[in-house]
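Reading the structure
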Amino acid sequence: MLNATHGTRGAWRVQDNATEVTAAGIARLAGVGRAAVSNWRRRHTDFPRPVGGTETSPSFALADVEAWLRRNGKLAEVPLRERVWQQLAGHPRGPVTALTHAGCALLLVHARPTVWLELAAGSDERLAALLPGALHQVLTPAPPVLPAPDEPELLASGPLLRGAAELAAELGARQTFEFLLGRHLDANPRQYTLTPAELAGLMAELAGPARTVLDPACGTGALLRAAAGPGEGDGQELYAQDDAPDLAALTALRLALHTRATVHAAAGDTLRAEAFPELRADAVLCHPPFNERNWGHDELAYDARWEYGFPARTESELAWVQHALARLREGGTAVLLMPPAAASRRSGRRIRADLLRRGALRAVVALPAGAAPPYNLPLHLWVLRRPGRTAAQPELLLADAGRFAGEGRGGPDWRAVREAVLGAWRDHDRAGRLDERPGLACSLPVLDLLDDDVDLAPARHLPPPAAADGAEQLTDVRERLDATLRLTAGLTPPPAAPGRPAPRRPQTTVGELARAGALLLRTGGHGGHARVPVLTDHDVLVGTGPSGTLPESDEEAVLTEPGDVVVPVLGGGTVARVVDDTTAGAALGRHLVLLRPDPTALDAWFLAGHLRGTANHRRASSYASTATRLDVRRLQLPRIPLAEQRRYGARFRALDEFERALRLAGRLGEQLVRGMYDGLTDGTVAPD
């Protein structure tokens, strides 16, 4: 059941033009680079004329483009996923409205499939006329956050709705919505602050099982989705509010498709105009906006929610903390994601002190950097509990999971984070205290924290790791570094021998080899399964293992195999990576192209080595204002017999091993230096 509230929406005029697609969308449809699309426009007088956009970024009618591509042999058939996405992205009212319309139709397909089939049997005009009445049956009760779109709105969305329903027949309604939502979020990364699925799951587990759950700053609904669990939620009630009506609507649809729980969603400023003032939830999960100055300080001075003190203008996060506590039943648990400054700013010390005295704040957990945006900060989790008639907890749990940070953009080791944080919290919650875990967690008496600063940053209170453990780890790192440096010396390429200029050899391109069947070319997908690791463009650039994730869906992912060659298409780096047994089986991430050579015609290392040539990359690259894009089909390599290819391939493989050893030596050297500095400063390593 979907129960929600929303403000009035103004009517809008239906535009006559069909779904539009940009040059980037055309390139995606045809599996080419944007430079190829520009060439087609210049060389072919019958290429469709722009119907919208700007002079520098024109848009074209999707139907006309599709017909031209097929007529000219550039396209056999538009994949259904791509067709639906282009219809959504080019909707005349904008992608968010289109996503909402598609979600409404998918909810009807999910809840009442026979009704949808009867409506979809007729024309678009009949579908648009009858669909609002059918949607009222699933968007209940009134007034809903998702008022059924009227007939003119739905008429413009007819092809999109039919395409989404057709895709749902392949993937399922929930997976189709997750695919479209994931593509939209990926295409607009700066418009949304997302809560990663791993972090959302950790927060839900810290809160524990709950029948009623509130997220007062719901965003796209990741926290409530984690609290419900897929296909579950019978008897559960989920409450969501966000000041952006679009996000409240998308959250309502996402949850209604994801769970059997009753979903209550509302649009509005939570602090100024909360939608559920009478609610007393079992759990509150919240990723509030950080550093908000205009949160209602002037209007809300006498609000009843400020039981622990009136927050300063600069302490918006403490306003969200008190809002969460006010909406909990006695004994209910709240988990909030907080900026690290909230644990130590002097302007919030009195509120922090009162939260400690009254037993409301139970734990402060420092996450590794990279856990959530902003990724450069080690954010905190605050675990709070609404005080009841029982005595206040005398000790506060402080934990620091910073040691589990990953390298580069790979993100933390979430499995280790979960085990460490949940283990410490559950032991502390059960016993009221925790035996010291050096460098990881401890519990401190509240009285010890009530000084002039009330600084709750875990790093300031945790004991350092055991000295023996630190010394043993540094010894291990040094031994690995010594072995790697010896390996590097042995792999150093011999000096180049002087030789005559090589004769000019006939060249071919990757595109020609693909058309001849000598290799298979695939591009990175936009969906996958949560249990399949994803090889990202960053992993390829820095030589690490698969570290990424993609929006979960039933879309068939491109899985790597040994001998595949993977090439990043953005960024301008001359990189190509041959997949080995340790990387095989990973899903291919975005901005990557996979080349799978026929081993009877093409040596993988010969292919990868020639793709890394600087001049080769220069010829095949196009340049935008902020990025370089590689057209992999235009990369060249010489036509030579397979036996000679293997000679080159052996040398390219030796260079790759040398490069990997250099990278490992650099990482181990940095780790050793950092560990020595830390050990000498905290006393775990003696100067001699």
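These figures come from a predicted structure and were not determined experimentally.

Right, let's get into the overall build of the protein. Looking only at helices and strands, one finds 23 helices and 23 strands in the protein. Buried positions account for 52% of the 688 residues belonging to the protein. For the protein, the accessible area works out to roughly 32100 Å², and carbon and sulfur atoms hold 51% of it.

This next bit is on the sheet that holds strand 2 (residues 20–22). The strand order across the open sheet formed by three strands is 2-4-3, and the pairing between neighbours is antiparallel. The open sheet terminates on both sides in strands that have one partner only, identified here as strand 2 and strand 3 (52–53). The pairing of strand 3 with strand 4 (residues 58–61) spans two bridges and is antiparallel. Across the sheet, Gly-52 pairs through a bridge with Ser-59, a residue of strand 4.

Moving on, we get to empty space enclosed by the protein. In this structure the tally under the stated criterion is four cavities of 30 Å³ or more. Computed from the structure, the largest cavity encloses a volume of approximately 80 Å³. Together, Val-540, Gly-543, Val-575, Ala-576, Arg-577, Arg-612, Asp-656, Glu-659, Arg-660 and Arg-663 line the largest cavity. Grouping the amino acids of the lining of the largest cavity by side-chain chemistry returns three nonpolar, one polar and six charged.

Our next topic: the state of the cysteines. As enumerated under the stated definition, the model contains zero disulfides in all. Cys-218 takes part in no disulfide bond, and the closest cysteine sulfur to it belongs to Cys-286, at a distance of 9.7 Å.

Strand order across the open sheet formed by four strands is 15-20-17-18, with antiparallel pairing between neighbours. If you trace the sheet from one side to the other, it starts and ends with strand 15 (519–523) and strand 18 (577–578), each paired once. Both strand 17 (residues 565–568) and strand 18 contribute to a ladder of two bridges, which runs antiparallel. If you follow Val-566 over to strand 18, its bridge partner there is Arg-577. Along the sheet, helix 21 (residues 604–611) makes contact with strand 15, strand 17, strand 18 and strand 20 (592–597), crossing strand 17 at roughly 15°.

Here we come to the pairing of strand 8 (residues 281–286). With six of its six residues buried, strand 8 lies for the most part within the structure. One ladder, built from two bridges, connects strand 5 (residues 212–215) with strand 8; its direction is parallel. Among the inter-strand pairings, Val-213 is bridged to a residue of strand 8, identified as Ala-283.

Here the protein shows a mean pLDDT of 83. Residues at 70 or above account for 86%. Contacts from residues 4–17, a stretch scored under 50 in pLDDT, to residues over four places away or in other chains number 26 contacts.

A separate point is the packing of aromatic side chains. For the coordinates displayed, the defined rule picks out eight aromatic pairs. Ring geometry for Trp-295 and Trp-306: centres 5.9 Å apart, planes at 85°, overall edge-to-face. Of this pair, Trp-295 sits in the loop between strand 8 and helix 14 (316–326) while Trp-306 sits in the loop between strand 8 and helix 14, placing them 11 residues apart in sequence. Clustering of aromatic rings is evident, with ring pairs tying together Trp-40, Phe-47, Phe-60 and Trp-68.

Here we come to the pattern of salt bridges. Following the criterion strictly, the structure yields 36 salt bridges and no others. Among the salt bridges present, the one from Glu-274 reaches Arg-305, with a minimum N-O distance of 3.8 Å. Of the two residues, Glu-274 is situated in the loop between strand 7 (262–267) and strand 8 and Arg-305 in the loop between strand 8 and helix 14; the sequence distance between them amounts to 31 residues. Among the salt bridges present, the one from Glu-307 reaches Arg-386, with a minimum N-O distance of 2.8 Å. One end of the pair, Glu-307, is in the loop between strand 8 and helix 14; the other, Arg-386, is in the loop between strand 11 (380–385) and strand 12 (395–400), and 79 residues separate them in sequence. Salt bridges sharing partners connect three or more residues here, namely Glu-274, Asp-303, Arg-305 and Arg-327.

In terms of nonpolar packing, the biggest core is built from 49 residues, with Leu-202, Leu-206, Leu-337 and Leu-381 touching the most fellow members. Examining the composition of this core, we find that eight residues originate from one element, helix 16 (residues 414–431), more than from any other. Each residue touching Leu-202, except ones within four places of it in the same chain, is listed here: Leu-367, Leu-381, Trp-414, Val-417, Arg-418, Val-421 and Leu-422. Counting 44 residues, the second largest nonpolar core, distinct from the first, contains Tyr-308, Leu-318, Val-321 and Val-454.

Two elements in contact, helix 1 (residues 23–30) and helix 3 (residues 62–71), have axes separated by 11 Å at closest approach and are oriented at 40°. Between helix 1 and helix 3, the angle is such that the two are oblique. Crossing of helix 1 over helix 3 shows right-handed handedness. Counting all contacts with helix 1, which are made through Ile-26, Leu-29 and Ala-30, the residues of helix 3 involved are Leu-62, Val-65 and Leu-69. When grouped by side-chain class, the residues that make up the contact of helix 1 with helix 3 number six nonpolar, no polar and no charged.

Moving on, we get to unusual backbone geometry. A cis amide bond links Pro-373 to the next residue, Pro-374, at an omega of -5°. Here Pro-374 is to be found in the loop between strand 10 (361–366) and strand 11. Even without a glycine there, the phi angle at Asn-291 is positive, about 55°. With respect to the helices and strands, Asn-291 occurs in the loop between strand 8 and helix 14. Judged by its relative accessible area of 54%, Asn-291 falls in the exposed class. Phi is positive for His-591, which is not a glycine, with a value near 65°. Among the secondary structure elements, His-591 is positioned in the loop between strand 19 (587–588) and strand 20. Note on His-591: relative accessible area 38%, which makes it partly exposed.

This brings us to the side chain of Thr-508. Relative to the helices and strands, Thr-508 is located in strand 14 (residues 507–509). Of note is the side chain of Thr-508, whose polar atom sits 3.4 Å from the side chain of Arg-639.

Next up on the list: the side chain of Gln-322. Mapped onto the fold, Gln-322 is located in helix 14. Discounting residues that sit within four places of it in the chain, Gln-322 has contacts with Arg-305, Trp-306, Glu-307, Tyr-308, Gly-309, Pro-311 and Ile-351.

Here strand 5 shows two buried faces, one formed by Thr-212 and Leu-214 and the other by Val-213 and Asp-215. Inspection of the sheet shows strand 5 paired to strand 6 (residues 237–242) by four bridges, in the parallel sense. When the sheet's bridge partners are listed, Leu-214 is paired in strand 6 with Tyr-239.

Calculation rules
- Residues numbered from 1 in each chain as written.
- Predicted model: local features only at pLDDT ≥ 70, side-chain atom pairs only at ≥ 80, totals over all residues.
- Heavy atoms only, no water.
- Helix = DSSP H or I, 4+ residues; strand = E, 2+ residues; numbered from the N terminus.
- Buried < 20%, exposed > 50% of the residue type's maximum accessible area, 1.4 Å probe, protein only.
- Areas by Shrake-Rupley, 256 points an atom, 1.4 Å probe, with all protein chains shown as cover.
- Pairing = 2+ DSSP bridges.
- 1 Å grid on protein atoms, 1.4 Å probe; cavity = no way out; pocket = protein on both sides within 12 Å on 5 of 7 lines; lining within 4 Å.
- Points joined across faces, edges and corners; volume = space filled by probe spheres on them.
- Nonpolar A, V, L, I, M, F, W, Y, C, P; charged D, E, K, R; others polar.
- Disulfide = S-S within 2.5 Å.
- Contact = heavy atoms within 4.5 Å.
- Axes fitted to C-alpha atoms, helices over the stretch in contact; angles between N-to-C directions.
- pLDDT = per-residue confidence, 0-100.
- Phe/Tyr/Trp six-rings, centres within 6.5 Å; stacked < 30°, edge-to-face > 60°.
- Salt bridge = Lys/Arg side-chain N within 4 Å of Asp/Glu carboxyl O.
- Core = buried A, V, L, I, M, F, W, Y, C linked by side-chain atoms within 4.5 Å.
- Parallel < 35°, antiparallel > 145°, perpendicular 65-115°, else oblique.
- Left-handed = near helix turned anticlockwise from the far one by under 90°.
- Polar contact = N/O pair within 3.5 Å; in protein donor to acceptor, adjacent residues only side chain to side chain.

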